[in-house]
Amino acid sequence: MGHSEVVCHLCGVSFSIARIRCVGEPKETAWQCLNEEVSEGTFVSGDMVYSRGCSSGTGCCVTMRSERRERWEGAWVKDVAFAFGEGYVEDEDGDYEDEEGSEDDEPLEYDSGDELSDMEIHELSGNCDGESPYCEDYLTLLSALMPSELQPPSQEIFYPIDISAGRSFERSIWEREKSKFGPEQDFSPVGLEHIAGATCLHDGGYNGHNICAAEMKGCTTYQCLAFKKHHWTPESDDQVWEGTSEVFLTGVGDRFPSRDLECPTVWPKRHGWDQEEADTYYFPQRHNSQRDVAMPFHPACFDIFTRLSLDQLGRIDVHGLISWRNIQFSGVYFVERGMFSSDPNVKSALQQFWKHRTGDEYVAANPLYIPGLIPILESAVVTDSSFSPRSSAFAPLPSQPLDQRGEIAKKDPFLTLPQEMREHVVDYLDSKEIAALRLASRAFHDLPMSLWYTLLRREMPWLWEVYSDFTPNLWTAVEVVDLKREVKEREEHENYKAIRRHIVKEEIPEALEEWEKQQPKFAGTDAKGKAQRRAESVGRMLGREYTNWHLLYKEIKKAKLKGLRNRERIWGDVGSILEQISRLREEGMIVD
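Rules of the game
Residues numbered from 1 in each chain as written. Predicted model: local features only at pLDDT ≥ 70, side-chain atom pairs only at ≥ 80, totals over all residues. Heavy atoms only, no water. Helix = DSSP H or I, 4+ residues; strand = E, 2+ residues; numbered from the N terminus. Buried < 20%, exposed > 50% of the residue type's maximum accessible area, 1.4 Å probe, protein only. Contact = heavy atoms within 4.5 Å. Areas by Shrake-Rupley, 256 points an atom, 1.4 Å probe, with all protein chains shown as cover. Pairing = 2+ DSSP bridges. Axes fitted to C-alpha atoms, helices over the stretch in contact; angles between N-to-C directions. Parallel < 35°, antiparallel > 145°, perpendicular 65-115°, else oblique. Nonpolar A, V, L, I, M, F, W, Y, C, P; charged D, E, K, R; others polar. Phe/Tyr/Trp six-rings, centres within 6.5 Å; stacked < 30°, edge-to-face > 60°. Lys NZ or Arg CZ within 6 Å of the ring centre and 35° of its normal. Expected span 1.5 Å × (residues − 1). Left-handed = near helix turned anticlockwise from the far one by under 90°. Salt bridge = Lys/Arg side-chain N within 4 Å of Asp/Glu carboxyl O.

1. What to know about the overall build of the protein
And step 1. The helix and strand tally for the protein stands at 17 helices and 10 strands.
And step 2. Counting all 592 residues of the protein, 46% fall into the buried class.
And step 3. Taking all contacts inside the protein whose residues are at least 6 apart in sequence as the whole, residues at least 24 apart take part in 76%.
And step 4. On the protein, roughly 30,200 Å² of surface is accessible, and the fraction owed to carbon and sulfur atoms is 51%.

As structure tokens, then:
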């Protein structure tokens, strides 16, 4: 079978979104759509066959990417064994274990000649400078034994694409670049990376000129609703509804695998769920029951569902959501994929591989954490104690001569109405109608700023910062790379602690109990703590009495933030889902 994409069950956008970086951007701002990665990162291929007509005329170029050579892993293992005693080898799972009777006397490739005793190693481990956020890494202890790592070439070279030269263009770059990587170096070239020009034609990733990496954060992150099994037990980070619901939230993953290759991997393995079935469709020939198939979505999209559900029903209707999924999407054919979103750009992009089209970048923008939004919100906050939202949003008009006022009033009957009646009239109008009315009648020149609060609530219900202090859950802000890093650091912390404990136990057993009491707690990456702080930073509501609502309305309209455009799109799609759930309840197909 070929590649088969799984999409978000709430917004219809793929998790396999790619980005092509520009000249001057760091390597980590590029990534490909597939769930594959070399040690130095992932990127959109610059092979000519994938260039889609890009050339120096579009401003596109290529550069060579490299990866760390695996041969160094063996050297690291030997040095660990050297430092902590012969017989200490790495098993297949990457954990260190003591192997009795090892007869490996092979001389080390990098032998310092001055063997350290166990106690010297124990003393050396206390010499960390404390500047690193994670000082307990046992590899830090070995730095004195290892040679300085050779780094890849620090200066990237960008080659303008010569499409007329074809394959000879690629071969010439490979020959030139390979000369930089000698057999003794730590890095080797792995492939050409496509670098986007301003008018890049490549549809294998969104052009970095059109959307920044910060705006796209979270676009490849997935989470699922999975059915509980009989042995399900609560966990400390469960949300309130998870305790009583038939389903729960899994951990999160990055770039959903093709449905025909493997099951998704998540971090952490909440309630033991990992590498199990998750899909936007139920295939009777493949799945035993719908309960075996988890429902995938972007964490940010589920947050929007949560907000709308609370707003309309006063509760998070997870039962209605999973029931809707089971009813509406059983045995659906691939050609019906477009029903996940009403946005035509989403429907046209969803092919075997996601089509990254210029102008559609907003569908990949994070709808919760939006660069540029907070400064706009803060600019509308007024600190002047004399400010009142009842004040006019506009500067006063020049006063009319007394002898002309009567004549003007005859031509404009609205001038005879009291201010309260005028404001009541505009309450029924939208922003364009109000603008037209203000041009037609001087009576509507002075309108209070609070009017634009009403317009924001009515025209932009998805701008919840205006009226809600609901804080997103931490899963919307957590980064998979941080979760992976934390798992690795905790393993290294515990491994190193076990090694040192073994040394203390063997050398000074009488001090073991006191030593264990003095061991520092893990001080490495705290993925959930970092995510919670980020979530709290956006869960703030503007004060109604000290916000210039007219200014905010204008700035939001002017900014054209991609994240807000995507938020509006998802808000509409999720609202449609809630309407479908309501109809299914009325028809008796969903029973609470």
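2. Overview of the sheet that holds strand β9 (residues 247–254)
And step 1. Taken together, the three strands give an open sheet; going across it, the order is β9-β8-β10, and neighbouring strands pair in antiparallel fashion. For this open sheet the edge positions go to β9 and β10 (295–297), each flanked by a neighbour on one side alone. The mean angle between the axes of side-by-side strands here comes to 25 degrees, regardless of whether they run parallel or antiparallel.
And step 2. Bridge analysis of strand β8 (residues 221–227) against β9 gives six bridges, and the strand direction is antiparallel. Residue pairing for β9: Y222 is matched across the bridge by G253.
And step 3. Where helix α5 (residues 299–313) meets the sheet, it contacts β8, β9 and β10, and its direction lies at approximately 60 degrees from that of β8.
And step 4. Helix α6 (residues 318–328) contacts β8, β9 and β10 of the sheet and is inclined by roughly 90 degrees relative to β8.

3. Let's talk about the packing of α6 against helix α17 (residues 562–586)
And step 1. At a minimum axis separation of 10 Å, α6 and α17 run at an interaxial angle of 80 degrees. One way to sum up the angle between α6 and α17 is to call them roughly perpendicular. Facing H319, G320, L321, W324, I327 and Q328 of α6, the residues of α17 in contact are I577, Q580, I581, L584 and R585.
And step 2. Taken together, the residues of the contact of α6 with α17 sort by class into six nonpolar, four polar and one charged.

4. Concerning unusual backbone geometry
And step 1. With an omega dihedral of -15 degrees, the bond running from W267 to P268 counts as a cis peptide bond.
And step 2. Note that P268 resides in the loop between β9 and β10.
And step 3. Of note in this structure, H271 is not a glycine but carries a positive phi near 55 degrees.
And step 4. Relative to the helices and strands, H271 is located in the loop between β9 and β10.
And step 5. In this structure, Q275 takes a positive phi of about 50 degrees despite not being glycine.

5. Here's the deal with the packing of aromatic side chains
And step 1. Evaluation of the coordinates by the stated rule reveals 10 aromatic pairs.
And step 2. A centroid spacing of 4.9 Å and a plane angle of 65 degrees characterise the contact between Y453 and W549, whose relative ring orientation is edge-to-face. One end of the pair, Y453, is in helix α12 (residues 450–459); the other, W549, is in helix α16 (residues 549–559), with 96 residues separating them in the sequence.
And step 3. Its relative accessible area of 10% is what places Y453 among the buried residues.
And step 4. With relative accessibility at 0%, the residue W549 sits in the buried group.
And step 5. When the ring centre of F394 is taken as origin, the NZ or CZ atom of R438, which lies over that ring, is 3.5 Å away.
And step 6. One residue, R565, lies across the ring of Y362, its end atom 3.6 Å from the ring centre.

6. With respect to α12
And step 1. Those residues of α12 not exposed but buried are S450, L451, W452, Y453, L455 and L456.
And step 2. Against α10 (419–426), α11 (431–440) and α16 lie the buried residues of α12.

7. Considerations on the environment of P299
And step 1. For P299, the location among the structural elements is in helix α5.
And step 2. On a C-alpha basis, the gap between P299 and W475 in space is 6.2 Å, while along the polypeptide they are 176 residues apart.
And step 3. Setting aside its immediate chain neighbours within four residues, P299 contacts T221, Y222, Q223, V252, W475 and T476.

8. Side note on helix α15 (residues 527–538)
And step 1. The end-to-end C-alpha distance of α15, which contains 12 residues, comes to 18 Å, matching closely the 16 Å that a straight helix rising 1.5 Å per residue would cover.
And step 2. When we look at burial in α15, the residues that qualify are A527, G529, A531, A535 and V538.
And step 3. Those residues of α15 that are buried are in contact with α8 (373–379) and α13 (480–507).

9. Looking at the packing of α5 against α17
And step 1. In the contact formed by α5 and α17, the axes pass within 9 Å of each other and the chain directions differ by 55 degrees. With respect to their mutual orientation, α5 and α17 come out oblique. Seen from above, α5 lies across α17 with right-handed handedness. Every residue of α17 that contacts α5 at C301, I304, F305, L308, S309 and Q312 is listed here: R567, I570, W571, V574, G575, L578 and I581.
And step 2. Its residues placed into classes, the contact of α5 with α17 shows nine nonpolar, three polar and one charged.

10. Remarks on the pattern of salt bridges
And step 1. This model, assessed by the stated rule, comprises 27 salt bridges.
And step 2. Between R270 and E242 there is a salt bridge, with its nearest N and O atoms 3.0 Å apart. In this pair, R270 sits in the loop between β9 and β10 while E242 sits in the loop between β8 and β9, placing the two residues 28 residues apart along the sequence.
And step 3. For R270, a relative accessible area of 1% corresponds to the buried category.
And step 4. E242 sits in the buried class, given a relative accessible area of 0%.
And step 5. Here D482 ties to K530 by a salt bridge, and the two come within 2.9 Å at their closest N and O atoms. Placement of D482 in helix α13 and of K530 in helix α15 is noted, with a sequence separation of 48 residues between them.
And step 6. Relative accessible area serves as the criterion here: at 5%, D482 is assigned to the buried category.

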